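Architecture at a glance
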Amino acid sequence: MTTFDAGGITLHKVREHVWEIPPEGGMRVPARVFASERLLEEIAEDKTLQQLKNATHLPGIEKYAICMPDGHQGYGFPVGGVAGIDAENGCISPGSIGYDINCGVRMLKTNLEYDDVRGREEQLVDALFEAIPTGLGGGGIVEGDRGTVEAALESGVEWCLEEGYAVESDLAHCEDEGRRPDADPAAVSDKAKDRGRNQMGSLGSGNHFLEVQRVTDVFDERIADAYGLEAGQVVVLIHCGSRGLGHQVCNDYLREIEQAHGGLLSQLPDKELAAAPAGSQLAEAYYGAMCAAINFAWVNRQLITHRTRTVFEDVFGASWRDLEMELLYDVAHNIAKKETHAVDSGEKELYVHRKGATRAFPSGRKEVPEAYRDVGQPVIIPGSMGAGSYVLCGGAESLDVSFGSTAHGAGRLMSRTRAKNEYWGEDVQEDLRDREVYVKAQSGATIAEEAPGVYKNVDEVVRVSDELGIGDKVVRVTPICNIKG
DNA sequence: ATGTTC
């Protein structure tokens, strides 16, 4: 049997791209890493594998804890981690969802071709940067009072539709039609709501961005056609989350759960995994608040969509409908959802925790929107600024292998601190410009932190997903211009 | 990720 020694943690190769850490000590189930050897070597360099082992201690965890090929260490639970946990007898763990609740990505289509944009990249990137709030702190497309935030928390993209920031087809092409029915705005603190008041429609900072791209490779003509994508087409990728509001929700409930459920916490190897037992008041309240924050993030991406359409109308002198700027899909990367999955004991309702992982349901699942139900849901995987991104299709194996999930991006290779030591923002910006990628950001430090070299190879991440059959390659896109925080 | 330090 092939093994991989990661400094005290031994992984056994189950089959191509599947590595297992067998249970020991308090591990309730094995841990599995889905990676090529090259990616596994990168994953083994930080605390990811130890964090993955720790996650297997969570009560009610089914099958195995998963690390995706883009995995790296996070708060308590790895980014790129998936855990399916019994929703009746298990628990829910905010750190296994992430601070940025419903950080996610959506793709807007256009009928423009690369030639329509060439020579106008700077005009376009300047107009986008001018129109769309970026960076840390306040300033949104919509500024409201607490009631405005509550409406967004309750209704998600439906609120945008009522307010004229969305059309019906936007709802039809969003995960959950842009509204989580389990949202409970009353479970979100006033402090969190107030942080959201002036952040509705803002990109934020870090790895968040808006990027104009062109389709450069088509791997599956049939599915690309079903998605309305073709070679040469210009598309827009919007990557952001729930800003300070989601962060506050996570923080509020972590503190409350640590206080109220110290007994459970004492059984866990890492305080950062703090979890509320399924059925407890705090589990219900956190789930309701998290679902509300999910809605908030969808509103955020929808408002940015609305503004992006306006910018394209100005720059290209045609209405967004004539430019056919339809939403392809919107996927969440940091989320837990009640879903039914097959486990040893039969069909069971689980809290599927996906932290830096994407739902990747194949054809047939009822959650896949009608437009894509025959082929499977689109999965959008952003790479780094220079590297390009992918659209995949939910794979036939995903339900058996990964609770219907795949990777979410390239995954960091090094910390932000180390990135700033190794790169200088202006230099990175110039290098990208030499490759005809126009980047505009609030902060040079952010460009350094997000330099292409601080990320794993997205092509390799996607190759593993495709070869495992959990998310299948459809098209690859290449960046044209990018705005960041 | 984040009013970038609970």
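Just so you know, the residues in each chain are numbered from 1, in the order the chain's sequence is written. Chain A is the first chain written and ligand 1 is the first ligand written, with later ones labelled in order. Only residues with pLDDT of at least 70 are given local features in this predicted model, and only at 80 or more are side-chain atom pairs given and counted; all residues enter the totals for whole chains, interfaces and linings. Side-chain measures here rest on the full set of heavy atoms in the structure, leaving out hydrogens and waters.

Chain A appears in an unreviewed UniProt entry as tRNA-splicing ligase RtcB from Natronomonas aquatica. UniProt positions are given in the numbering used here, feature names are shortened, and annotations may be inferred rather than shown by experiment. According to UniProt, the comment filed for chain A under the heading Sequence similarities (unreviewed entry) is "Belongs to the RtcB family." Under the UniProt heading Function (unreviewed entry), the entry covering chain A gives this text: "Essential for tRNA splicing and maturation. Acts by directly joining spliced tRNA halves to mature-sized tRNAs. Joins RNA with 2',3'-cyclic-phosphate or 3'-phosphate ends to RNA with 5'-hydroxy ends."

**Brief notes about the overall build of chain A**
We count a stretch as a helix when DSSP gives it H or I for four or more residues in a row; a strand needs E for two or more, and each element gets its number in order from the N terminus. Within chain A, the regular secondary structure consists of 17 helices and 20 strands. Over its C-alpha atoms chain A spans a radius of gyration of 21 Å, differing by no more than 12% from the 23 Å that the globule rule assigns to 485 residues. By principal-axis analysis of the C-alpha atoms, chain A measures approximately 65 × 50 × 50 Å. Out of the 485 residues in chain A, the part that is buried amounts to 63%. When checking whether two residues touch, look at their non-hydrogen atoms; a contact exists if any pair is within 4.5 Å. A sequence separation of at least 24 residues applies to 78% of the contacts in chain A between residues at least 6 apart. Computation of the radius of gyration draws on C-alpha atoms, with the globule rule given as 2.2 Å multiplied by the number of residues to the power 0.38. Accessibility here uses a 1.4 Å probe with only protein chains present; expressed as a share of the type maximum, an area under 20% marks a residue as buried, one over 50% as exposed, and anything in between as partly exposed.

**Some thoughts on the packing of helix α4 (residues 121–131) against helix α12 (residues 281–316)**
Remark: α4 packs on α12, axes separated minimally by 10 Å, with the N-to-C direction vectors making an angle of 140°. Crossing hand, α4 versus α12: right-handed. On α12, the residues that touch Gln123, Leu124, Ala127, Leu128 and Ala131 of α4 are Arg307, Thr308, Val311, Phe312, Val315 and Phe316. Gly counts as polar in this scheme, as do all residues outside two lists: the nonpolar Ala, Val, Leu, Ile, Met, Phe, Trp, Tyr, Cys and Pro, and the charged Asp, Glu, Lys and Arg. Residues of the contact of α4 with α12, tallied by class, amount to eight nonpolar, two polar and one charged. The axes used here are C-alpha line fits, helices contributing only the stretch in contact, and every angle between their N-to-C directions lies in the interval 0 to 180 degrees. By the definition used in this description, the sense in which the near helix is turned from the far one sets the handedness, with an anticlockwise turn below a right angle giving left-handed and a clockwise turn giving right-handed.

**Observations regarding the protein's contact with DNA strand B**
Throughout, near means a residue has at least one heavy atom within 4 Å of the molecule or strand. Taken together, 17 residues surround DNA strand B, and among them Leu136, Arg195, Gly206, Asn207 and Arg416 come closest. In DNA strand B, the atoms that sit within 4 Å of the protein are 51% sugar and phosphate, with bases accounting for the remainder. Taking Ser205, its main chain carries an N or O atom lying 2.9 Å from a phosphate oxygen of DNA strand B. Here a polar contact is taken to be a pair of N or O atoms separated by no more than 3.5 Å, where protein atoms must pair a possible hydrogen donor with a possible acceptor and residues adjacent in sequence count only if both atoms sit in side chains. A distance of 2.9 Å is found between a phosphate oxygen of DNA strand B and a side-chain nitrogen or oxygen belonging to Arg243. If you list the elements that add at least two residues to the surface near DNA strand B, you get α8 (190–196) and α10 (243–260). Sort the elements by how many residues they give to the surface near DNA strand B and α10 lands first, with four residues.

**Some points on the side chain of Arg180**
Summarising the element assignment, Arg180 is placed in the loop between α7 (168–172) and α8. Judged by its relative accessible area of 9%, Arg180 is buried. A distance of 2.8 Å separates a polar atom in the side chain of Arg180 from a polar atom in the side chain of Asp176. Within the structure, Arg180 has its side chain in polar contact with the side chain of Tyr287 (distance 3.2 Å). Beyond its immediate chain neighbours, meaning those up to four positions away, Arg180 contacts Tyr287, Cys291, Ile294, Asn295, Trp298 and Lys337.

**Focus: the UniProt feature "binding site: Mn(2+) 1" (unreviewed entry) in chain A**
UniProt's feature table lists "binding site: Mn(2+) 1" (unreviewed entry) at Asp100 and His208, given in the numbering used throughout. For the annotated residues, spread through 109 residues, the largest C-alpha to C-alpha distance comes to 11.0 Å, consistent with a single compact locus. Checked against the element boundaries, Asp100 lands in the loop between β7 (91–92) and β8 (104–113). Overall, the relative accessible area of 18% leaves Asp100 in the buried class. Aside from chain neighbours lying at most four places away, what touches Asp100 is His208, Gly241, Ser242, Arg243 and Asn334. By secondary structure assignment, the location of His208 is in the loop between α8 and β9 (209–218). On the basis of relative accessible area, His208 is assigned to the buried category, the value being 7%. Sequence-distant contacts of His208, that is, excluding residues within four places in its chain, are made with Asp100, Cys103, Leu203, His239, Cys240, Gly241, Ile483, Lys484 and Gly485.

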